[in-house]
Amino acid sequence: MNIIDGKAFAEKIREKVKSQVKILKQNHNIVPGLAVVLVGEDPASKVYVKNKGIQTKNVGMNSFEYKLDEKVDETKLLDLVKKLNDDPNVHGILCQLPLPKHLNEDMIINTIKPDKDVDGFHISNVGLLNTGQKSMVPCTPLGCLMLLREFVGNLEGKKATVIGRSNIVGKPMFNLLLSENCTVTVVHSKTKNIEEICINSDILVAAVGRPNFVKSSWVKPGSVIIDVGINRISIEENGETKAKLVGDVDFENCSKVANGITPVPGGVGPMTISCLLANTLVACCRSNNIKEPQELTL
Ligand code: GUN
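Below, the structure is looked at part by part. Fair warning: this is a prediction, and the values are worked out from it, not measured in the lab.

1. Let's talk about unusual backbone geometry
The residue after Leu97, namely Pro98, is reached through a cis peptide bond having omega 0°. Looking at the secondary structure, you find Pro98 in the loop between strand E4 (92–95) and helix H4 (105–111). For the bond running from Val264 to Pro265, omega is 0°, close enough to zero to count as cis. Structurally, Pro265 can be placed in the loop between strand E11 (260–261) and helix H10 (268–287). Located in the positive-phi region is Asn193, a residue other than glycine, with phi close to 55°.

2. Considerations on the pattern of salt bridges
Tallying each qualifying case throughout the model produces 8 salt bridges. A salt bridge links Glu292 to Lys134; its shortest N-O distance comes to 3.7 Å. Of this pair, Glu292 sits in the segment after H10 while Lys134 sits in the loop between helix H5 (123–130) and helix H6 (139–152), placing them 158 residues apart in sequence. For Glu292, a relative accessible area of 8% gives the class buried. Glu180 is paired through a salt bridge with Arg149; the nearest N and O atoms lie 2.8 Å apart. On the criterion of sequence distance, the pair formed by Glu180 in the loop between helix H7 (170–179) and strand E6 (183–187) and Arg149 in helix H6 is long-range, its members being 31 residues apart. Given a relative accessible area of 34%, Arg149 falls into the partly exposed group. Through salt bridges with shared partners, one network takes in Lys134, Arg286 and Glu292.

3. Topic: the side chain of Lys116
Locating Lys116 in the fold gives a position in the loop between H4 and H5. Of the side chains bearing the opposite charge, Asp87 lies closest to the buried Lys116, which forms no salt bridge; the N-O distance is 6.1 Å. In this structure Lys116 touches Leu84, Asn85, Asp86, Asp87, Val90, His91, Gly92 and Ile93, once residues within four positions along its chain are discounted.

4. A short note on the packing of H6 against H10
In contact at an axis separation of 8 Å, H6 and H10 are set at 110° when each is read in the N-to-C sense. It follows that H6 is roughly perpendicular to H10 by the angle criterion. In this structure, H6 uses Cys139, Thr140, Leu142, Gly143, Cys144, Met146 and Leu147 to contact H10, whose residues at the interface are Val268, Met271, Thr272, Cys275, Leu276 and Asn279. Class assignment for the residues of the contact of H6 with H10 results in 9 nonpolar, 4 polar and no charged.

Calculation notes
- Residues numbered from 1 in each chain as written.
- Predicted model: local features only at pLDDT ≥ 70, side-chain atom pairs only at ≥ 80, totals over all residues.
- Heavy atoms only, no water.
- Helix = DSSP H or I, 4+ residues; strand = E, 2+ residues; numbered from the N terminus.
- Salt bridge = Lys/Arg side-chain N within 4 Å of Asp/Glu carboxyl O.
- Buried < 20%, exposed > 50% of the residue type's maximum accessible area, 1.4 Å probe, protein only.
- Lys, Arg positive; Asp, Glu negative; His and termini not counted.
- Contact = heavy atoms within 4.5 Å.
- Axes fitted to C-alpha atoms, helices over the stretch in contact; angles between N-to-C directions.
- Parallel < 35°, antiparallel > 145°, perpendicular 65-115°, else oblique.
- Nonpolar A, V, L, I, M, F, W, Y, C, P; charged D, E, K, R; others polar.

See below:
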């Protein structure tokens, strides 16, 4: 069994982004800029946004952060998005999800200029990906695909199962694997006999948001598992209750059956931020009619 080291691979991508940012500055006097909008006080979102800001600056890009009150008016948020759409120093815009309930998430995402939609959530990017055209690709599935290409190599003809059907991971993951000529099945909470489908799969991508959902009896010997889940659970250790981060896969037992598996933490998570930086660089190149670095896109 091999542990797929997403942390190390993510670091390699960041180094590539960093050197391309340097070249952009030297040759064109352009600095890519990423704007991140955070609404409210969700603790997990605050941590992600903080990390995104740090890593954006670490690769030499400009980071613009906007923190809005939980109760912000929808018009005010839309006005901010429109202002960022028109700002030539901003090449990527990300609105951290989930948004508070009173805001129309779809409308806000679809107000972001598609060329600056580094999350790849705008309906035109979704459509482009779905029809196999050049688009901004959602960061987490893009990170999963990069890990699979690196670890498995050619994915053609592989049987892949995506567990979960979210717009953020499951659906774009399905499209990406299909583009690689995999035979793809999507399973979800209402699927009957998930185990039977999973056990025949060469590749499993788990993105359901339920701790230890995938059991070792579902895993085909020699297969590869990508665990997208980030679940905070409480465990008892020496009479103390402790918080622990676990994925959607029972790592301890599944790792005995699979050939490769991503850990949590240190697997897909770091890849997501690296892919966000790569997407921002690509968006910056495209908006300036500069050839984008091929190794940072699909
Ligand atoms: N919340 C959880 N994952 C994501 C993501 O990839 N992008 C945004 N904008 N919000 C998220």
